[in-house]
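Next come the chains, spelled out residue by residue.
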Amino acid sequence: MMKSDAQLQRDVQEELMWDPSVGRAELGVACKNGVATLTGQVATYAQKYAAMRAAERVSGVSVVADELTVHVPLSFKRTDMEIGHAVAEALRWDIEVPDDKIKARVDEGWVWLDGDVEWEYQRSAAERAVRYLTGVKGVSNNIKISERPWIPDVKSRIESALKRTAELDAGQIKVDAAAGNVTLTGRVRSWAARQDAERAVWSAPGVTSVKDELTVSV
């Protein structure tokens, strides 16, 4: 049974209050036809990220619209030079990040990441490493996945992986794969299932881009 907009709004608000990583920020929530819009100010980018993930977890939410702004309090403020040094250290100390292949720059608290890596998990690890640093207002992850040899049977490998990790939803997912590019279409029951499907695809050798067109439906 589909939730009403009012019920979905209450569920998102309760999930935001339930998650301690979101903190005590006073966030606005508006829901319409499965789209949850978050508004308001948060003190850190990490808090903003946590709020978005919390809203995605709520059953019935198909899209989360981000209208949150990060307003760093004086006690958390750092110069771009200080943030830059912290970013370099964070990338260097993370075992999953090939820091010699990544370049970072900071402008007014916003971090840009560039470079080329072999795997999506390395790209994600780089963003994760800097997301929680004090003073960071946002992260633009422009790191690319290097092209690798394309394996002819990669589509069947991906479909097998989906059955292992998302068995209940695998039958609703269609995989189109060619020359390193994979497109997912179909329906899944939750954001978690959608993320599991993406993760399974990125683990396939030769994949350089994933276009996720999966829709979340109850």
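Placed above this text is the structure.
Note that the coordinates shown come from a computational prediction; the quantities given were computed from them, not determined experimentally.

A closer look at the overall build of the protein
- Scanning the protein from terminus to terminus reveals seven helices and 10 strands.
- A compact globule built from 218 residues would reach a C-alpha radius of gyration of about 17 Å, and the protein, at 19 Å, matches this within 12%.
- By principal-axis analysis of the C-alpha atoms, the protein measures approximately 55 × 50 × 20 Å.
- Expressed as a percentage of the 218 residues in the protein, the buried residues total 39%.
- Of the contacts formed within the protein by residues at least 6 apart in sequence, a portion of 66% connects residues at least 24 apart.
- Accessible surface computed for the protein: about 12500 Å², of which carbon and sulfur atoms make up 52%.
- Within the protein, one finds 29 positive and 33 negative side-chain charges whose respective centroids are separated by 2 Å.

Side note on the sheet that holds strand S10 (residues 209–216)
- Across the sheet, which stays open at both edges, the three strands sit in the order S8-S9-S10 with mixed pairing between neighbours. Either end of the sheet is taken by a strand with one partner, and the two such strands are strand S8 (173–178) and S10. For this sheet, the mean inter-axis angle between neighbouring strands, taken without regard to orientation, is 10°.
- Sheet topology places strand S9 (residues 181–188) next to S10; eight bridges connect them, and they run parallel. Across the sheet, residue Asn181 finds its bridge partner in S10, namely Ser209.
- Its contacts with the sheet place helix H7 (residues 191–202) against S8, S9 and S10, and it is angled at close to 160° to S10.

Side note on the pairing of S8
- Taken together, the six bridges between S8 and S9 define a ladder with antiparallel strand orientation. If you follow Lys174 over to S9, its bridge partner there is Thr185.
- Turn length for the S8-S9 hairpin, with the two strands adjacent in sequence and antiparallel, is two residues, and the turn residue Ala179 shows positive phi of about 50°.

Some points on the pairing of strand S5 (residues 110–117)
- Across six bridges, strand S4 (residues 102–107) lies against S5 in antiparallel orientation. Across the sheet, the residue bridging to Arg105 is Trp112, located in S5.
- Linking two consecutive strands that pair antiparallel, namely S4 and S5, is a turn of two residues; a positive phi of about 55° is found at Glu108 within it.
- Across four bridges, S5 lies against strand S6 (residues 138–141) in parallel orientation. Paired with Leu113 across the two strands is Asn141, which belongs to S6.
- In this region the chain leaves S5, passes through helix H4 (residues 120–131) and returns to the parallel neighbour S6; the handedness of that crossover is right-handed.

Details of the sheet that holds strand S2 (residues 35–42)
- Ordered by their spatial adjacency, three strands build an open sheet running S1-S2-S3, and the pairing between neighbours is mixed. A single partner strand is all that each edge strand has here, and the edge strands are strand S1 (28–32) and strand S3 (63–70). For this sheet, the mean angle separating the axes of adjacent strands, direction not counted, is 10°.
- Direction of pairing for S2 relative to S3: parallel, over a ladder of eight bridges.

Side note on unusual backbone geometry
- At Asn33, a position not held by glycine, the phi torsion is positive, near 55°.
- For Asn33, the location among the structural elements is in the loop between S1 and S2.
- Since its relative accessible area comes to 64%, Asn33 is described here as exposed.
- Here Ala179, not a glycine, exhibits a phi torsion of approximately 50°, which is positive.

What to know about the pattern of salt bridges
- Per the counting criterion, the structure on display carries 15 salt bridges.
- Linking Lys48 and Asp66 is a salt bridge whose minimum nitrogen-to-oxygen distance equals 3.2 Å. Linking Lys48 in helix H2 (residues 45–57) with Asp66 in strand S3, this pair joins segments that are 18 residues apart in sequence.
- Classification of Lys48 by relative accessible area gives buried; the value is 12%.
- Since its relative accessible area comes to 35%, Asp66 is described here as partly exposed.
- For Arg123, the salt bridge identified is with Glu120, shortest N-O distance 3.8 Å.

Parameters at a glance
Residues numbered from 1 in each chain as written. Predicted model: local features only at pLDDT ≥ 70, side-chain atom pairs only at ≥ 80, totals over all residues. Heavy atoms only, no water. Helix = DSSP H or I, 4+ residues; strand = E, 2+ residues; numbered from the N terminus. Rg over C-alpha atoms; globule rule 2.2 N^0.38 Å. Buried < 20%, exposed > 50% of the residue type's maximum accessible area, 1.4 Å probe, protein only. Contact = heavy atoms within 4.5 Å. Areas by Shrake-Rupley, 256 points an atom, 1.4 Å probe, with all protein chains shown as cover. Lys, Arg positive; Asp, Glu negative; His and termini not counted. Charge placed at Lys NZ, Arg CZ, Asp CG, Glu CD. Pairing = 2+ DSSP bridges. Axes fitted to C-alpha atoms, helices over the stretch in contact; angles between N-to-C directions. Right-handed = clockwise from strand over helix to strand, strands pointing away. Salt bridge = Lys/Arg side-chain N within 4 Å of Asp/Glu carboxyl O.

In short, shape yes, function no, at least from these values alone.
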